[in-house]
Amino acid sequence: MTSDEALEDLLATRWSCRAYHDRQVPKPVIERLLKLAQRTPSWCNTQPWEVIVTSGAGTERFREAMTDWARDHPAEFDFAPPAEYRGVYRDRRRASGWQLYEAVGIERGDREASARQAFENFRFFGAPHVAIVTTDAVHDLYGAVDSGLYVGTFLLAARSLGLGAIPQAALAGHATLIRKHFDIPEDRKILLGISFGYADEDHPTNSYRTARAGLDEVVTWADE
C-alpha cells in the first residue's frame, strides 16, 4: 500500500464513535497516539495545544461531574459556536443527525428521545478515556486553527491504532466546569473534548457512515 492509499484508508474508515467497550487502552498505546498527534503542523511551530487525558477513576470522576453539571447549566463556550447553520451546511447537519436517530430508532418529532441521545455526550458515550484539548488564549483564532489541526491528526492516529474516537464540542459548552474540575488557568481556552477507546462496533450508533461532498461543491479552479 502506498502512502496516499494508507492515508485514504484511514480517512475513509474513521468515523465518530458513539459506543465503546469499557476496557482501558494501555498507557503505551495512548502515549503512541499522543506522539503521533504531536507531529501536527502549526503556525511558526508554536504548537499552542495542551491536552489533559483521563483514564480509570479519573474518567469516572469527570463523567460524574460532567453529567451532574450539564443537567442544570446552560452551554457556555470559550469559543463561540456557530450562530446558525444555513443552506447546504444546515442540510448536511440535518442529514447527519437523522442518520444517527434512524440508527437508534428515534422517530422524527420525539424530542425526549433525541434529548436523551444528545445527553450521551456528557457520559462520553461510555468511553474509558477523554482528551481535553486547550489552546493558548492569546493565540485566539490561530491557536484554535492549529489546535483543530491537532484534533484531526489525533483522530487519524487513533484509527491507525485500532481505536474509536469522537471530537465533542458539546463538552466545550461547559468550559466553566472543565476549567474548575481540572484546574485549568485562565490563559488557556478550552477547544473541545475527544472521547476515545475501543469501539463497540456492534452498537447501532456505530452502524452508519456520513457522506462527503464532491469536489464540485467545494473547489473553485482558477486556471487563468
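Before reading further, recall that the structure is shown in the block above.
Cut-offs used in this document
- Residues numbered from 1 in each chain as written.
- Predicted model: local features only at pLDDT ≥ 70, side-chain atom pairs only at ≥ 80, totals over all residues.
- Heavy atoms only, no water.
- Helix = DSSP H or I, 4+ residues; strand = E, 2+ residues; numbered from the N terminus.
- Rg over C-alpha atoms; globule rule 2.2 N^0.38 Å.
- Buried < 20%, exposed > 50% of the residue type's maximum accessible area, 1.4 Å probe, protein only.
- Contact = heavy atoms within 4.5 Å.
- Lys, Arg positive; Asp, Glu negative; His and termini not counted.
- Charge placed at Lys NZ, Arg CZ, Asp CG, Glu CD.
- Pairing = 2+ DSSP bridges.
- Axes fitted to C-alpha atoms, helices over the stretch in contact; angles between N-to-C directions.
- Expected span 1.5 Å × (residues − 1).
- Arc of directions from axis to C-beta.
- Patch = residues over 30% accessible without salt bridge, like charges linked within 9 Å, V, L, I, M, F, W, Y side chains within 5 Å.
- Areas by Shrake-Rupley, 256 points an atom, 1.4 Å probe, with all protein chains shown as cover.
- Salt bridge = Lys/Arg side-chain N within 4 Å of Asp/Glu carboxyl O.

Looking now at the overall build of the protein chain. Check the secondary structure of the protein chain and you find 9 helices and 4 strands. Ordered by position from N to C terminus, the α and β elements of the protein chain give α-α-β-α-α-α-β-α-β-α-α-β-α. For 224 residues, the compact-globule estimate of 2.2 N^0.38 gives 17 Å, and the protein chain sits close to it at 18 Å. Taking the principal axes of its C-alpha atoms as reference, the protein chain extends roughly 55 × 45 × 40 Å. Per-residue burial over the protein chain gives 35% buried out of 224 residues. Sequence-distant contacts, at least 24 apart, represent 85% of the contacts inside the protein chain between residues at least 6 apart. The protein chain carries 26 positive and 33 negative side-chain charges, and their two centres are separated by 3 Å.

Another point: the sheet that holds strand β4 (residues 188-197). Strand order in the open sheet made by the 4 strands is β1-β2-β4-β3, with antiparallel pairing throughout. Of all the strands in the sheet, just β1 (49-53) and β3 (164-168) have a single pairing partner and so form its edges. The mean angle between the axes of side-by-side strands here comes to 25 degrees, regardless of whether they run parallel or antiparallel. Bridge analysis of β1 against strand β2 (residues 129-136) gives 5 bridges, and the strand direction is antiparallel. By the bridge assignment for β2, tryptophan 49 is matched with threonine 135. Most of the contacts of helix α6 (residues 140-160) go to β4, to which it runs at about 10 degrees, and overall it touches β1, β2, β3 and β4.

With that settled, consider helix α8 (residues 175-182). Since the α-helix turns once every 3.6 residues, residues separated by three or four places project in the same direction. Listed as buried for α8 are Ala175, Leu177, Ile178 and Arg179. Those residues of α8 that are buried lie in contact with α3 (56-72), β2, α7 (169-172) and β4. At the exit of α8 stands aspartate 183, carrying a positive phi of roughly 55 degrees.

So, on to α3. End to end, α3 covers 26 Å across 17 residues, agreeing with the expected 24 Å (1.5 Å per residue, within 8%). Inspection of α3 places Thr59, Phe62, Arg63, Met66, Thr67 and Ala70 among the buried residues, and these make up the whole buried set. Looking down the long axis of α3, one finds its buried residues gathered within 130 degrees of arc, a one-sided arrangement. Exposed side of α3, more than 90 degrees from the buried face: Arg61, Glu64 and Asp72 are the residues found there. Structurally, α3 contributes buried residues whose contacts are with α5 (111-119), β2, α7 and α8.

A cluster of nonpolar side chains, namely Trp43, Leu141, Tyr142, Val145 and Leu149, defines an oily patch on the protein surface of about 550 Å² accessible area. Assessed through its relative accessible area of 45%, valine 145 is described here as partly exposed.

Now for the environment of methionine 66. Here methionine 66 lies in helix α3. Overall, methionine 66 belongs to the buried group, its relative accessible area being 0%. If we skip the residues at most four places from it in the chain, methionine 66 touches Phe122, Phe124, Leu171, His174, Leu177 and Ile178.

Moving on to unusual backbone geometry. Negative phi values dominate among residues other than glycine, just as trans dominates among peptide bonds. A positive phi angle is found at phenylalanine 124, which is not glycine, with a value near 60 degrees. By the secondary structure assignment, phenylalanine 124 is in the loop between α5 and β2. Since its relative accessible area comes to 0%, phenylalanine 124 is described here as buried. Here aspartate 183, not a glycine, exhibits a phi torsion of approximately 55 degrees, which is positive. Mapping aspartate 183 onto the fold places it in the loop between α8 and β4. Residue aspartate 183 is classed as exposed on the basis of its relative accessible area of 66%.

The tally for this structure, following the rule as stated, stands at 10 salt bridges. With a closest N to O distance of 2.9 Å, arginine 179 and aspartate 78 form a salt bridge. With arginine 179 in helix α8 and aspartate 78 in the loop between α3 and α4 (87-104), this residue pair connects regions lying 101 residues apart in the sequence. By relative accessible area, which is 23% here, aspartate 78 ends up partly exposed. Across the pair glutamate 112 and arginine 116 runs a salt bridge whose closest N-O atoms are separated by 3.4 Å.

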